[in-house]
Amino acid sequence: MSEQIIRQLSVYEYLGKAYDPLFHAICHIQQGSSKHIPEIKVTLTKNQHGLYEMASESNHECYSNKEDLYDCVNKILSYSLLRGK
């Protein structure tokens, strides 16, 4: 299956991220709380400064807005699906 076809399988690319449960989870993270995504072993946190953090065993990234965090997590999930893990 080509990468283009697999990319088209994401229904939220057509419906928009407003309908994506992942985006809703990110939007509803309260300051100081976390959300774990077991499929990719990542924890999302909104820190005391209002920044969004994504942490795994080997990586720790920080984003100033929820849209950038969503885009990054979505790419990781898509890549994980491509690899079959």
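Before reading further, recall that the structure is shown in the block above.
About the thresholds
Residues numbered from 1 in each chain as written. Predicted model: local features only at pLDDT ≥ 70, side-chain atom pairs only at ≥ 80, totals over all residues. Heavy atoms only, no water. Core = buried A, V, L, I, M, F, W, Y, C linked by side-chain atoms within 4.5 Å. Buried < 20%, exposed > 50% of the residue type's maximum accessible area, 1.4 Å probe, protein only. Helix = DSSP H or I, 4+ residues; strand = E, 2+ residues; numbered from the N terminus. Contact = heavy atoms within 4.5 Å. Pairing = 2+ DSSP bridges. Axes fitted to C-alpha atoms, helices over the stretch in contact; angles between N-to-C directions.

Draft legend 1. Looking closely at the nonpolar core. Formed by 15 residues in total, the largest nonpolar core has its most connected members in Ile 26, Leu 44, Met 54, Leu 69 and Val 73. Those elements that place two or more of their residues in this core are α3 (21-27), β2 (42-46), β3 (52-55) and α4 (66-83). Considering every element that reaches this core, the biggest residue donor is α4, with four residues. If near-sequence neighbours (up to four positions away) are discounted, Ile 26 is found in contact with Leu 44, Tyr 52, Lys 66, Leu 69 and Tyr 70.

Draft legend 2. Region of the structure containing unusual backbone geometry. The phi dihedral of Lys 41 is positive, around 50°, even though this residue is not glycine. By the secondary structure assignment, Lys 41 is in the loop between β1 (34-37) and β2.

Draft legend 3. Inspection of the environment of Asn 59 at higher detail. Here Asn 59 is to be found in the loop between β3 and β4 (60-63). For Asn 59, a relative accessible area of 36% gives the class partly exposed.

Draft legend 4. Summary view of the sheet that holds β3. Read across the open sheet, the four strands follow the order β1-β2-β3-β4; overall the sheet is antiparallel. Looking at which strands have only one partner, the edges of the open sheet turn out to be β1 and β4. Neighbour-to-neighbour, the strand axes of the sheet open up by a mean angle of 20°, direction not taken into account. Note that β2 and β3 share four bridges and pair antiparallel. The residue of β3 that forms the bridge with Leu 44 is Met 54.

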